[in-house]
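Here is what each chain is made of, one letter per residue.
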Amino acid sequence: GAGVSQSPSNKVTEKGKDVELRCDPISGHTALYWYRQRLGQGLEFLIYFQGNSAPDKSGLPSDRFSAERTGESVSTLTIQRTQQEDSAVYLCASSLGTRGSSNQPQHFGDGTRLSIL
Amino acid sequence: DAKTTQPPSMDCAEGRAANLPCNHSTISGNEYVYWYRQIHSQGPQYIIHGLKNNETNEMASLIITEDRKSSTLILPHATLRDTAVYYCIVSRTNSGGYQKVTFGIGTKLQVIP
């Protein structure tokens, strides 16, 4: 499809398990972002990729959270030893990421709704 | 990035224009004003953006005051499908292609039949 695709759309898992969330950005978009949205809250920035590198990972809440990107395309967000407070919607966005271009909207997927029991 | 202030909620009658205000008094010269909306259970959707001139596209119009300290998003003929949370953001893309944005709680627009 033409948009940002995330999978799974829903994930329910037990506390302590590891989970892996996937994001397929729009083709040709070099910038990729992960956000977390708790119920009734705004979006919380987690990490930014430019190509396969992550120049800003300042929003990752703990060392249980990690992300990677390969082929300047697909990205995975991994949460190890999940806790109940990790329950949220995890959103991925991509943009052109063109250096020197000052206005580049982000295009979002519909997120993965993660529930930790 | 500059902070924005929006009313937490608004109502609009179906078929009427919805005017959503946003204050961004600390905006800097190279920051753009972006509007996104989030319909329940979906990811945010880009609507429109502008620097200092008014902008219009198929979805909406954006009016930015001359001093750039506030803006208004206008949905000319609101429909029930426009019921959503609307986010006003000011941001810029740095030389490396990175646009750091902060989404607050936005304005919850309810379109009433």
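Data block above holds the structure.
Description of the structure in this document.

With that settled, consider the overall build of chain A. Per the secondary structure count, chain A includes zero helices and eleven strands. Ordered by position in the sequence, the α and β elements of chain A form the string β-β-β-β-β-β-β-β-β-β-β. Computed over C-alpha atoms, the radius of gyration of chain A comes to 14 Å, within 12% of the 13 Å expected from 2.2 N^0.38 for 117 residues, which places it in the range of a compact globule. Going through the 117 residues of chain A one by one, you find that 49% of them count as buried. In chain A, the proportion of contacts linking residues at least 24 apart, taken out of those at least 6 apart, comes to 55%. Surface summary for chain A: the accessible area is close to 5,500 Å², and the carbon and sulfur share equals 43%. With 12 positive and 12 negative side-chain charges, chain A shows a spacing of 2 Å between the two charge centroids.

Per the counting criterion, the structure on display carries twelve aromatic pairs over all chains. Here the aromatic rings of Tyr33(A) and Tyr48(A) are separated by 5.0 Å at their centres, their planes lie at 35°, and the arrangement is tilted. Taken together, the residues span a long stretch of sequence, with Tyr33(A) in strand β4 (residues 31–37) and Tyr48(A) in strand β5 (residues 43–50) at a distance of 15 residues. The residues Tyr33(A) and Tyr48(A) share a single accessibility class, namely buried. Between the aromatic rings of Tyr36(B) and Tyr46(B), the centroid separation amounts to 5.9 Å while the plane-to-plane angle is 70°, which identifies the pairing as edge-to-face. Residue Tyr36(B) is located in strand β3 (residues 32–38), and its partner Tyr46(B) is located in strand β4 (residues 45–50); the two are separated by ten residues in the primary sequence. Residue Tyr36(B) is classed as buried on the basis of its relative accessible area, which comes to 0%. One aromatic cluster in this structure is built from Tyr33(A), Tyr35(A), Phe45(A), Tyr48(A), Phe108(A), Tyr32(B), Tyr34(B), Tyr36(B), Tyr46(B), Tyr87(B) and Phe103(B).

Take the nonpolar core next. One finds Trp35(B), Leu73(B), Tyr86(B) and Leu109(B) to be the most contacted residues of the largest nonpolar core, which totals 21 residues. Only β2 (18–23), β3, β4, β6 (61–64), β7 (70–75), β8 (84–91) and β9 (107–112) of chain B provide two or more residues apiece to this core.

Moving on to the side chain of His24(B). Residues and elements named next belong to chain B. Mapped onto the secondary structure, His24 falls in the loop between β2 and β3. For His24, a relative accessible area of 0% puts it in the buried group. Sequence-distant contacts of His24, defined by excluding residues within four places in its chain, comprise Lys3, Thr4, Val33, Arg68, Lys69, Ser70, Ser71, Cys88 and Val90.

Residues and elements named next belong to chain B. When β3 meets β4, the two strands line up antiparallel, connected through five bridges. Bridge assignment links Arg37 to a residue of β4, and that residue is Gln45. Hairpin connection between β3 and β4: a loop of six residues separates the two successive antiparallel strands, and Ser41 in this loop has a positive phi of roughly 70°.

Here is what the cut-offs are and how they apply
- Residues numbered from 1 in each chain as written.
- Chains lettered and ligands numbered in written order.
- Predicted model: local features only at pLDDT ≥ 70, side-chain atom pairs only at ≥ 80, totals over all residues.
- Heavy atoms only, no water.
- Helix = DSSP H or I, 4+ residues; strand = E, 2+ residues; numbered from the N terminus.
- Rg over C-alpha atoms; globule rule 2.2 N^0.38 Å.
- Buried < 20%, exposed > 50% of the residue type's maximum accessible area, 1.4 Å probe, protein only.
- Contact = heavy atoms within 4.5 Å.
- Areas by Shrake-Rupley, 256 points an atom, 1.4 Å probe, with all protein chains shown as cover.
- Lys, Arg positive; Asp, Glu negative; His and termini not counted.
- Charge placed at Lys NZ, Arg CZ, Asp CG, Glu CD.
- Phe/Tyr/Trp six-rings, centres within 6.5 Å; stacked < 30°, edge-to-face > 60°.
- Core = buried A, V, L, I, M, F, W, Y, C linked by side-chain atoms within 4.5 Å.
- Pairing = 2+ DSSP bridges.

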